[in-house]
Amino acid sequence: MKSCLCVGAQGLVMTCMPGIFLLTLVLSGPTWAFLSRSNGPDHISISRMALIQKVTETCQAVAAASGHEFKTTGSSPVELVQACLGPTATGDVSGAKFKSALQEIYTQNGLVDRDLVNSAPHHFNSEAFAEGRGLIIEGLVAIKANIRKENFQAARETLGRVLHTLQDFYSHSNWVELGYTEPYMNLIRLDLPLENLADVGTATCNDCANGHCPNPILPNILKEKKLTSGYMGISSADKPKGKCSHGGAGDLTSSAEPRGGISKDEPNSDNVDFHNAAVNAATAASLQLLEDIRVAAGDKNFLRMMGIARSSVVCFVIDTTGSMSQDIQEARMMVYKIIDRKKGTQDEPSEYILVPFNDPEFGPMIRTSDPEKMKSEINKLTASGGGDTPEMCLSGLLLALTGAPDSSDIYVFTDAVAKDLYLKDTIMALISSTKSTVSFFLTNPYGRRRRSVDDDSLGDYRDLALASGGQAIHVSKSQLPQATDIILDTSTSALVTVLQRARNPGQQETFPFMLDESIKHITIYITGQSITFTLTNPAGVIQNHNEASGKLGSINPVGNLWRIRLNDDNMKGTWKINIISNQPYTLKITGQSTITFIYDFVERFGGPHPGYAVLRGHPQAGQPAILMLSVIGRKGPSSVTVGYVSLVTVSGPETVRNSTTTDMGNGDILVTVDAVPEGEFVVSLKGTDKVSGSGFQRQSTTQMSVSKVNIKAVADSSMQPGKTFNLPFGVMTQGSGVLYSISARNDKNFPMSKPPSLNLTTGQYANSSVTITPPADTPSGSDVTVTLEAKSSSGADSNYIVLRFSVVTKTTDFVRPVCGVVNVQADDCPHDVSQCKPFQWKLAATISDGDGTGVANVSLGQGSGNLTTSLLSDPIIQANYTASCCSQIVEFIAVDKVGNVGKCYHSIVRSAGPPTLPASLLLWLCLLVSALTIGFSFK
């Protein structure tokens, strides 16, 4: 580790240690894919430390550029996101998206230990250095390409896997035993060679009979600085003669001479110093990789990838057939209302998505974070065509579900039934996988003959809405403006669901629900026909359905929807609503609160690093359901107490299955439910808000059910345009062995082949594969969502798996942009820095990517001056910089078209004595001295 000393004002000495300056701000999170077998650091804690530090650094930079102070009130997700978004936007902000983004990265990190345990390159085992680095470089290319296309979920998933492989290098190789403390930059730089590798015929380890030797590496390997890693054998003890083993109970090679192992996964009495050194190096390497991604992506997109955003995405799926003119106009007005009313608040959407559909066309999907562009796009929609047949509604919805971020709110406008009902099972799988909420606004058509959306044909839309926690609202076209107020209600930050129930057939029933002090803007929605109801607050005050404006709130009926908005001054406690109807109806109660929870169903797995993996389909029937759940409070996880977690059926008769919980610390809970309800169920959570002392109630929206069939497949690599990709998968049932039909679809309509069916034997996996061929013109950075489904011949049992793949053009450009100084004019700058204010200095430089893909952008990394660029002659760019003489250091950042980053420094510091400079300049002087940078050069 290099360090430097900088002498500050009044002789103050500052020590700088690049790469190991770790913030103490840490967010909690369980080891979702494997449990640490010690109290020491593991992949998750290392990733967490690096991610939080890099997010914090980025937020600080964004705040500084915006002219406001970055100041957190605590270390919880809510408080960090609030500080990052800054003081200009008012209103509540939820940390759920940030926490979910972190969990996606942790999950993929841990899955490498389950799905790829036998792959030496993924763990840098068995001296697979070139192959391991190849995976890291391939992943980096994919991440940067995904971010350029704003496919942030695909970028996060790849990032989790890349971090695991990178971190394993320091634990599984002899890097720290060789005395190195800095990260091995060559692992993320393909333009730098892997040097001094031990070849397969070179012995590397001494025999360690008791398996606990401080350093079994051979002295000549240490002296010659030869790089090696331990061999790992789960099913065989074979390894080349004289080679080190990984070690541990799961490694069979550790019993073959030379015995023992060099893994530093856990701190043991004989390796604690090496373990700690590996943790420090792995953390610094993770920071190094994240910084490379951040600079290539830019601060804004890096934070978007990390889930730092104001509110949920607003997504419209709109029928554009002939009779939809009035509906399109209402959707257009609703977009304008959202943009105009919520601008400058925390409720302002972070992204807009629009998916039109007609017959037979649907799409394209339009995504933008620019509200003016969204206005322009929705203004282009016109109603035409259609005829007398149903429309491609589910095809449009499929695009939205795969293109929008998880947990989005999607609003569908149509006046016709779907002709593509064969997609219904796929839509159900995507709803369950993404946890997005879908609501339908259904109107009767005018002016043409076709099958309309009447009560008899509402069932499919009602099923999809209920499965997602949304609603199917059926109104006339003239009533549509009143019904769309629900979009203003739900396109908001910090939205939580208190209760949702459905009854079919209808019946009289009283539903209790609990409101806490933190929740506000409480709204009750009831959909159905022939409804009467009575609302009662904790003090016993009653309001009936026919009181439009009463003591408890305002009631607005429209079509089959009742919308009840409670008054803001109503008290906390247990409320009741009694509903009477003999027709099917749904009840949903929502509000705004920063107290919420996120969850995933998980399953246990064994191997060298046993733990829990997130389920990609329905939980298994006949087994306990296991959830990993994180509670988010107003002041962090310590500000709430969880009472109990249960699985509850949404549709009657209501069944509640309580659970046993294990506190993992910091708000993270492992939940086990021995008896799972039959049919569809949701997760219900009750607890106490310590800030106010009031009880709270929250419910998940997405319905789940169990299945006897299981599908396994792994997304561990990218596709290439024009090349066929093979996806192996396996299907197993715990029920009777029967014929299961296999369906496979992707959201881009890429050509696919699959087996039509598989004949299953109870308890045994039947293996097969799917092939997918992205067209040769597929843009690099695109992602494709693949849904595999298996259904029994009777249709009584089914399950699914949803996988996301990146499509990335093979990259051959790994050389970073370079620069050269043309001219520096700094003679006017005084030697006495205190006199600098009236004076300026200038610099001119050329920047080029040589024979690479070309420079995509040049930005100012450090310095408070003005940077302008112009094209001299392709591929050379002229950069001109002007700054006050008080700002004496400049850093240019040049990024080429595939994300290679070059950093360019120059300093005009002249003072030979202790400079009286601001601390920020002193820090950068430290970096310059540490890097031995003289003049102006790219790193």
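Residues numbered from 1 in each chain as written. Predicted model: local features only at pLDDT ≥ 70, side-chain atom pairs only at ≥ 80, totals over all residues. Heavy atoms only, no water.

Q: How should I be thinking about the sheet that holds strand 24 (residues 668-673) in this particular structure?
A: Hydrogen bonds between backbone groups are what pair the strands of a sheet, and the pairing can be parallel or antiparallel. As summarised here, the arrangement of the five strands in space is 19-18-20-24-23, forming an open sheet in which the pairing is antiparallel. Here the strands that pair on one side only, and so sit at the sheet edges, are strand 19 (611-614) and strand 23 (660-665). Geometrically, the sheet is characterised by an average inter-axis angle of 35 degrees between neighbouring strands, direction not taken into account. Here strand 20 (residues 625-632) runs beside strand 24; their pairing, made up of six bridges, is antiparallel. Among the inter-strand pairings, Ile626 is bridged to a residue of strand 24, identified as Thr672. Strand contacts of helix 3 (residues 96-115): strand 18 (596-605), strand 19, strand 20 and strand 24, with the helix running at about 5 degrees to strand 18, the strand carrying the most contacts. (Pairing = 2+ DSSP bridges. Helix = DSSP H or I, 4+ residues; strand = E, 2+ residues; numbered from the N terminus. Axes fitted to C-alpha atoms, helices over the stretch in contact; angles between N-to-C directions. Contact = heavy atoms within 4.5 Å.)

Q: Looking at this structure, I do not really get empty space enclosed by the protein. What am I missing?
A: Take a probe with the size of a water molecule and roll it over the atoms, and the empty space left behind shows itself. Under the counting rule described, the total for this entry stands at eight cavities of 30 Å³ or more. For the second largest cavity, the calculated volume is near 190 Å³. Every residue lining the second largest cavity is counted, 17 residues in all, and those nearest its centre are Gly139, Thr158, Arg161, Asp716 and Ser717. Elements with a minimum of two residues in the lining of the second largest cavity: helix 5 (129-148), helix 6 (152-172) and strand 34 (798-807). Tallying contributions element by element places helix 6 first for the lining of the second largest cavity, with six residues. The residue inventory of the lining of the second largest cavity, partitioned by class, reads five nonpolar, seven polar and five charged. (1 Å grid on protein atoms, 1.4 Å probe; cavity = no way out; pocket = protein on both sides within 12 Å on 5 of 7 lines; lining within 4 Å. Points joined across faces, edges and corners; volume = space filled by probe spheres on them. Nonpolar A, V, L, I, M, F, W, Y, C, P; charged D, E, K, R; others polar.)

Q: When you look at helix 2 (residues 77-85) in this model, what are you seeing that I'm missing?
A: Since there are 3.6 residues in each turn of an α-helix, residues three or four apart along the chain are aligned in direction. Counted residue by residue, helix 2 has eight buried out of nine residues, so it is predominantly covered. Each element contacted by the buried residues of helix 2 is listed here: helix 1 (43-66), helix 3, helix 9 (299-305) and strand 20. Positive backbone phi, approximately 90 degrees, marks Gly86, located one or two places after helix 2. (Buried < 20%, exposed > 50% of the residue type's maximum accessible area, 1.4 Å probe, protein only.)

Q: Looking at this structure, how should I read the packing of helix 13 (residues 424-434) against helix 14 (residues 459-468)?
A: To describe two helices that pack against each other, one gives the angle between their axes and the distance between the axes. It is at 9 Å that the axes of helix 13 and helix 14 come closest, and there the two elements cross at 15 degrees. Comparing the axis directions of helix 13 and helix 14 gives the class roughly parallel. The hand of the helix 13/helix 14 crossing is right-handed. Across the interface between the two elements, Lys424, Ile427, Met428 and Ile431 from helix 13 touch Asp460, Asp463, Leu464, Ala467 and Ser468 from helix 14. Of the residues belonging to the contact of helix 13 with helix 14, the class tally is five nonpolar, one polar and three charged. (Parallel < 35°, antiparallel > 145°, perpendicular 65-115°, else oblique. Left-handed = near helix turned anticlockwise from the far one by under 90°.)

Q: Help me understand the nonpolar core, please; the structure alone is not making it clear to me.
A: One broad trend across soluble globular proteins is that nonpolar side chains are buried collectively. Membership of the largest hydrophobic core comes to 55 residues, with the highest contact counts inside it found for Leu159, Tyr170, Leu289 and Met306. Of all the elements in the fold, those that place two or more residues in this core are helix 1, helix 2, helix 3, helix 5, helix 6, helix 8 (272-297) and helix 9. Counting residues per element, this core draws most heavily on helix 8, at nine residues. Filtering out sequence-adjacent residues up to four positions away, Tyr170 remains in contact with Trp175, Pro183, Tyr184, Leu187, Lys264, Ala278, Ala281, Ala282 and Ala285. Counting residues in each nonpolar core, the second largest holds 32 residues, with Val313, Val412, Ile427 and Phe440 among its members. (Core = buried A, V, L, I, M, F, W, Y, C linked by side-chain atoms within 4.5 Å.)

Q: Can you walk me through the confidence of the model for the protein in this structure?
A: In regions of low pLDDT, the predicted coordinates are not meant to be interpreted in detail. Taken as a whole, the protein shows an average pLDDT of 86; of its residues, 90% reach a score of 70 or greater. Scored below 50 in pLDDT, residues 1-39 makes 125 contacts in the model with residues more than four places away or belonging to other chains. Segment residues 446-451 is flagged for pLDDT under 50; beyond a separation of four residues in sequence, or across chains, it makes 28 contacts in the model. (pLDDT = per-residue confidence, 0-100.)

Q: What am I meant to see in the side chain of Lys342 here?
A: Here Lys342 shows up in helix 10 (residues 325-342). Look at Lys342: it is buried, it has no salt bridge, and the nearest opposite charge is Asp347 at 5.0 Å. Only 2.3 Å separates the side chain of Lys342 from the backbone oxygen of Ser491, close enough to count as a polar contact. With sequence-adjacent residues up to four places away left out, Lys342 is seen in contact with Lys337, Asp347, Glu348, Leu488, Ser491 and Thr492. (Lys, Arg positive; Asp, Glu negative; His and termini not counted. Salt bridge = Lys/Arg side-chain N within 4 Å of Asp/Glu carboxyl O. Polar contact = N/O pair within 3.5 Å; in protein donor to acceptor, adjacent residues only side chain to side chain.)

Q: Is there a simple way to think about the packing of aromatic side chains in this case?
A: The description of two aromatic rings rests on the distance between their centres and on the angle between their planes. Applying the stated criterion to the full structure yields 21 aromatic pairs. Where Phe316 meets Tyr411, the ring centres are 6.0 Å apart and the plane angle is 45 degrees; that geometry is what we call tilted. With Phe316 in strand 3 (residues 314-319) and Tyr411 in strand 6 (residues 409-414), this residue pair connects regions lying 95 residues apart in the sequence. Of the two residues, Phe316 and Tyr411, both sit in the buried class. Judged by centre distance (6.2 Å) and plane angle (20 degrees), the ring pair of Phe513 and Trp575 falls under stacked. Note that Phe513 is positioned in strand 10 (residues 509-515) and Trp575 in strand 16 (residues 573-580), a separation of 62 residues in sequence. Each member of the pair, Phe513 together with Trp575, is buried. Site record: aromatic cluster; members linked through ring pairs are Phe124, Phe129, Phe169, Tyr170, Trp175, Tyr180 and Tyr184. Over the face of the ring belonging to Tyr180 we find Lys225, whose NZ or CZ atom lies 4.9 Å from the ring centre. Lying over the aromatic face of Tyr599, Lys435 brings its terminal NZ or CZ to 4.9 Å of the ring centre. (Phe/Tyr/Trp six-rings, centres within 6.5 Å; stacked < 30°, edge-to-face > 60°. Lys NZ or Arg CZ within 6 Å of the ring centre and 35° of its normal.)

Q: Sorry, what's going on with the sheet that holds strand 31 (residues 757-759) here?
A: What the four strands build is an open sheet, ordered 31-29-33-34; its pairing is antiparallel. Two strands lie at the open edges of the sheet, namely strand 31 and strand 34, each paired on one side alone. Averaged over all adjacent pairs, the angle separating strand axes in this sheet is 20 degrees, with direction ignored. Summarising the sheet, strand 29 (residues 739-746) and strand 31 pair through three bridges and their orientation is antiparallel. Residue Leu739 lies in a different strand from strand 31, and its bridge partner there is Asn759. Relative to the sheet, helix 6 contacts strand 33 (782-792) and strand 34, its axis offset from that of strand 34 by approximately 90 degrees.

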